[in-house]
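Here is what each chain is made of, one letter per residue.
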Amino acid sequence: AVADPILCSGGPSVWQSCQHSKCCADGSTCFEKNAYYAQCRPSCSPGVHEDDLPQYRDPWSCTVLSAAPSVTPAPTPAVADPILCSGGPGLWQSCQHSKCC
């Protein structure tokens, strides 16, 4: 999940702490490590991250703290008008040429 960068302008960007903002300005995702730390990251795998400094190798929960992006729904496919397809193929018949049923 990615927060809308416009709603988080001036916020943290990738690899920065987002524990308080719960959003990332550059479109990365705010992932929680634990109750005390969260970071803007491109992705997150739950568990210990070997690239963390030794004193910070606690497991990551990877709970997404940033808001879900606003998703544009897919367009509804056009449905053939049954009146325009009168006499067309019926149930279980081929509509490859008529493109309607």
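Definitions and limits used
- Residues numbered from 1 in each chain as written.
- Predicted model: local features only at pLDDT ≥ 70, side-chain atom pairs only at ≥ 80, totals over all residues.
- Heavy atoms only, no water.
- Buried < 20%, exposed > 50% of the residue type's maximum accessible area, 1.4 Å probe, protein only.
- Helix = DSSP H or I, 4+ residues; strand = E, 2+ residues; numbered from the N terminus.
- Pairing = 2+ DSSP bridges.
- Disulfide = S-S within 2.5 Å.

*Asks:* Outline the pairing of strand β2 (residues 37-41), listing residues and values.
*Replies:* Within β2, 4 of the 5 residues are buried, which leaves the element mostly enclosed by the surrounding structure. Across 5 bridges, strand β1 (residues 29-34) lies against β2 in antiparallel orientation. The residue bridging Asn34 from the neighbouring strand is Tyr37, located in β2. Connecting β1 to the next strand, β2, in antiparallel fashion are 2 residues.

*Asks:* Before we move on, could you go through the sheet that holds strand β3 (residues 63-64) and cite the residues and values that matter?
*Replies:* Strand order in the open sheet made by the 3 strands is β2-β1-β3, with antiparallel pairing throughout. Across the chains shown, the open sheet's two edge strands, defined by having one partner strand only, are β2 and β3.

*Asks:* Kindly report on the state of the cysteines, identifying the contributing residues and their values.
*Replies:* One pass over the structure, following the stated rule, counts 4 disulfides. The disulfide partner of Cys24 is Cys40, and the gap between their sulfur atoms is 2.1 Å. Given an S-S torsion of about -100°, the disulfide between Cys24 and Cys40 has left-handed geometry. Linking Cys24 in the segment before β1 with Cys40 in strand β2, this pair joins segments that are 16 residues apart in sequence. We classify Cys24 as buried; its relative accessible area is 0%. Across the disulfide from Cys44 sits Cys62; the S-S distance is 1.9 Å. Judged by the sign of its S-S torsion, about -65°, the cystine formed by Cys44 and Cys62 is left-handed. Here the residue Cys44 occupies a position in the loop between β2 and β3, and Cys62 occupies one in the loop between β2 and β3, the gap between them amounting to 18 residues. Across the pair, exposure class does not vary: Cys44 and Cys62 are buried alike.

*Asks:* Please provide a residue-by-residue account of unusual backbone geometry, values included.
*Replies:* One non-glycine residue, Trp15, lies in positive phi territory at about 75°. With respect to the helices and strands, Trp15 occurs in the segment before β1.

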